[in-house]
Amino acid sequence: MADGQISPRKAINLADYTPPVFLVDEVALDFTLDPAATIVRATLNLRRQAPGPLALDGRDLELLSIKLNGEALGGNRYVLTESSLTLDDVPDVFTLETEVKIIPETNTELSGLYMSGTGFFTQCEPEGFRKITFFPDRPDVMARYKVTLRADQSKYPVLLSNGNNTASGAAGTQIWATWEDPHPKPSYLFALVAADLVAVKDSFTTASGREVALGIWVAAGDETRCGHAMYALKNAMKWDEDTFGLEYDLDIFNIAAVSDFNAGAMENKGLNIFNTAYVLASPATATDADFQGVERVIAHEYFHNWTGDRVTCRDWFQLSLKEGLTVFRDQEYMADQFSAAVKRISDVRSLRATQFRDDAGPLAHPVRPASYLEINNFYTTTIYEKGAEVVRMYRTLIGREAFRKGMDIYIAENDNSAATVEDFFAAMQAATAIDLKQIMRWYEQAGTPEVSFDESHDPAAQTYTLTLRQHTAPTPGQPVKQPFMIPVAMGLLDATGRDIHTETLILAQPEQSFTFHNISEPPTPSLFRNFSAPVKLQGQSRQRLAFLAAKDTDLFNRWDAMQQYATLVLLDAVKAHQAGQAFALDAGLLEAVTATLRDAARDPAFAAEALLLPAETLLADAMSIVDPDAIRFVREAARKALGETLREDFFAAYAQFAAVAASDVSGHAIASRALKNAALGYLSAAGDTTLAGAQFLSGENMTDTLAALVNVAELADERRDDAFASFYDQWRANALVLDKWFSVQARAGAPDTLARVQALTKHKDFDLRNPNRVRALIGAFAANPSKFHEASGAGYQLLADTIFTLDETNPQIAARLTTAMGSWRRYDTARQSLMKAQLERILAKEKLSPNTYEMASKALA
Ligand code: B3K
Ligand code: ZN
């Protein structure tokens, strides 16, 4: 350990869980808000549950006074450390009053109470509440809150907290408001907002007749961009009633938007706080993907009201209990709004690109980790997206009806309490006769199982036997894996592509054979339909993939077969390129793309997905030593060759799908634009950039403008520079659009990208204190494989420099950026040593945060 480095935090282990010594039944909070000195008075009604002292969490709090049952306590009655307040000698039931001072304006971590612009906002999940007051800041302590906020009326005319506004008033220049939340909740769901905001208001009547006042609070001027968020909120409220029988349970539901936010949004009870990126949308400023992002996140946070708030988590190891389940619910919601197959395809595309990669590297962890140093590092695609896949597997295994019954049991049995993954399991098990025991291994073991198969057909007996095998490679701390319970949704296709048999098999052993009867001809199996399990299926021949890509009745597998086929031929092309051979376009790939394009009108949203070649990161994952330059070269060569060969078809498709109004954000319009812009991408790759230039100039729709800009960004000349200059002039005042300006430049494949990103870090609009801006520039750059991994190591240096500085102000975001170097061992020795050196440099930093320490040390381990 380097001199001056703080000692790494002690690991927290699931196995060490003990129930709280004291519960808090009620808490009254009184805030006198001031950026430089906010006073928080807390009154806690405590009740003993087990023997021992009262230990409260608290960080960055200046204790002003403390009283027990009304009696002021001297310093000899408590022990105060940097992170706790302990009272040894206390009764079994008592009232504790504390008064603390905090400084919101110096809180750059954006956890706890902080300033954004001129307003006060909070973020308490997972451990921000301890930066507001002394409290048992753990999710299994659920209390009823009464909150009074006092602030300067001219600066902070809007005062919001959880629950219902029960009283308000004014005293001189100050105003005050009291909010009471009747539902017990853990401290991580506490929220307050005190700011100069305006509301877009609406209402929703629940199935049982409760009238709910809805408010979306934004900065003045942003009201015009809240329509989609409000639509999504009401739609999600209705959907949860129809789909899960779950109704909203308060008379008010508020959403407040904030531009400085570490996450996407937060499900605080009755007062969701949102990153502006997931609230504000208009066709002129937001892409179709942004519109979908708003709808998904609005739905997600709303759904947390039951899966997260009413039923919460016992401890943070159970995080996926609420996150995996709520992601599953938002996926299902979105699938019901647009095309279910296209939604599944895009979810699986991102699961493979992020979660599969993490699961194969040094940061791999189970859906329920056994240990952590810093819980903020565990808001990962494994907890969220793989967690959602586990919930989906429950449903695939037991069926929709039993799953709904299991959900009803889960909610009924755990309402108003803090639950575990075992409680969810027990509810699902109670709803089915199928023995689900083995599904628990998905929570315990990290890693992506690889499934391979053998088959044999017996013409005399008319049987077909499929033998499936599973294998999971070791992950950190887990050298040997037990077999998983894997649902294999499958079909057998005859030579014409007709399904002759469909079934969901359960693969639970290392190897299992399944025999099918009355099969006269050798069939083609279509396995893992609709991606029925988060596994890698291996050993499919090209011929078979080509057949499935053309014929499978399962739309997901048709897309997947094409992706797998493209992956195989592109990886071959990478090898050929490394051996010095010229690029040659595979005939089968050309044929598949041609067929997709000519058939696009039938389902343009699906066709747009199918036309996208596998991402560079996906190709990288399939190589033993990643060669980012060769991957980029080959993928671009393939796009260029396809664009040149199919120029007429792409032009025709572009024209055919161009007739959509700029303001139309219907499913049909989104699909048309996706197809049109896919065609634009191929035409631009083939050197035809006039169309992109013209589309950029005529754009009144951000999807179209940005799609054009992405292509213009590849040109390293004045056409590009002019386009970025004019985009900047038009949008400099709109932070969310300016984020796009940064990120398109950081994602570009142009040769000078690295130098431009270096320059952009010095741009007057680049601001390390704003997480959206950091993600837009640095996050996007770190996800640009051929530029970030530039052989000189300058990309690594840029990232590490950012992490170095950012760690001092916002360790959560710094730690997150560190993961970009997590896969360093997969590269050639030169890149390995360059990345390793940067990780070591970070680790040697004085006063490195526990957040970044955990990520850098695990990456190196
Ligand atoms: N539960 C929050 C995430 C909070 C992130 C803390 N680092 C958002 C969500 O998943 O809904
Ligand atoms: Zn969530």
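Placed above this text is the structure.
Residues numbered from 1 in each chain as written. Chains lettered and ligands numbered in written order. Predicted model: local features only at pLDDT ≥ 70, side-chain atom pairs only at ≥ 80, totals over all residues. Heavy atoms only, no water.

1. Quick word on the site of ligand 1
Thinking step 1. Surrounding ligand 1, one finds 15 residues, the nearest of these being E125, A265, E267, E301 and Y384.
Thinking step 2. In the model, a nitrogen atom of ligand 1 is placed 2.8 Å from a nitrogen or oxygen of the E267 side chain.
Thinking step 3. In this structure, Y384 approaches ligand 1 through a side-chain N or O atom, which is 2.5 Å from an oxygen atom.
Thinking step 4. When contributions to the shell around ligand 1 are tallied by element, the ones reaching two or more residues are β20 (265-266), α2 (288-303) and α3 (319-337).
Thinking step 5. Classifying every residue of the shell around ligand 1 by side-chain character gives five nonpolar, five polar and five charged. (Near = heavy atom within 4 Å. Polar contact = N/O pair within 3.5 Å; in protein donor to acceptor, adjacent residues only side chain to side chain. Helix = DSSP H or I, 4+ residues; strand = E, 2+ residues; numbered from the N terminus. Nonpolar A, V, L, I, M, F, W, Y, C, P; charged D, E, K, R; others polar.)

2. Here we look at the coordination of the zinc ion (ligand 2)
Thinking step 1. The zinc ion (ligand 2) binds to the protein through H300 (NE2), H304 (NE2) and E323 (OE); the donor distances cover 1.9 to 2.1 Å.
Thinking step 2. What makes H300 buried here is its relative accessible area of 6%. (Donors = N, O, S within 2.8 Å, 3.2 Å for Na, K, Ca; no water. Buried < 20%, exposed > 50% of the residue type's maximum accessible area, 1.4 Å probe, protein only.)

3. Remarks on the sheet that holds strand β15 (residues 174-185)
Thinking step 1. Spatial strand order, β6-β5-β9-β3-β2-β12-β15-β14: eight strands in an open sheet with mixed pairing. Edge positions in the sheet fall to β6 (71-72) and β14 (164-171), since each has one partner strand and no second.
Thinking step 2. Summarising the sheet, β14 and β15 pair through seven bridges and their orientation is antiparallel. Within the sheet, the bridge partner assigned to N165 lies in β15 and is W179. (Pairing = 2+ DSSP bridges.)

4. Regarding helix α19 (residues 718-731)
Thinking step 1. The end-to-end C-alpha distance of α19 is 20 Å, a good match for the 20 Å that 14 residues give at a rise of 1.5 Å each.
Thinking step 2. Those residues of α19 that fall on the buried side of the exposure criterion are R720, A723, F724, F727, Y728 and W731. Down the axis of α19, the sector holding all buried residues measures 130 degrees, keeping them to one side. Away from the buried face of α19 by more than 90 degrees, exposed residues E718, D722 and Q730 are located. (Expected span 1.5 Å × (residues − 1). Arc of directions from axis to C-beta.)

5. Notes on the sheet that holds strand β7 (residues 79-80)
Thinking step 1. Read from one edge of the open sheet, three strands run β4-β8-β7, paired in antiparallel fashion. A single partner strand is all that each edge strand has here, and the edge strands are β4 (54-57) and β7.
Thinking step 2. Pairing analysis gives two bridges linking β7 to strand β8 (residues 84-87), with the strands arranged antiparallel. The partner of L80 across the bridge, within β8, is L85.

6. Regarding the nonpolar core
Soluble globular proteins tend to pack their nonpolar side chains together in the buried interior.
Thinking step 1. In terms of nonpolar packing, the biggest core is built from 164 residues, with Y394 and F424 touching the most fellow members.
Thinking step 2. Among the elements that line this core, the one with the most residues is helix α5 (residues 381-398), at nine residues. (Core = buried A, V, L, I, M, F, W, Y, C linked by side-chain atoms within 4.5 Å.)

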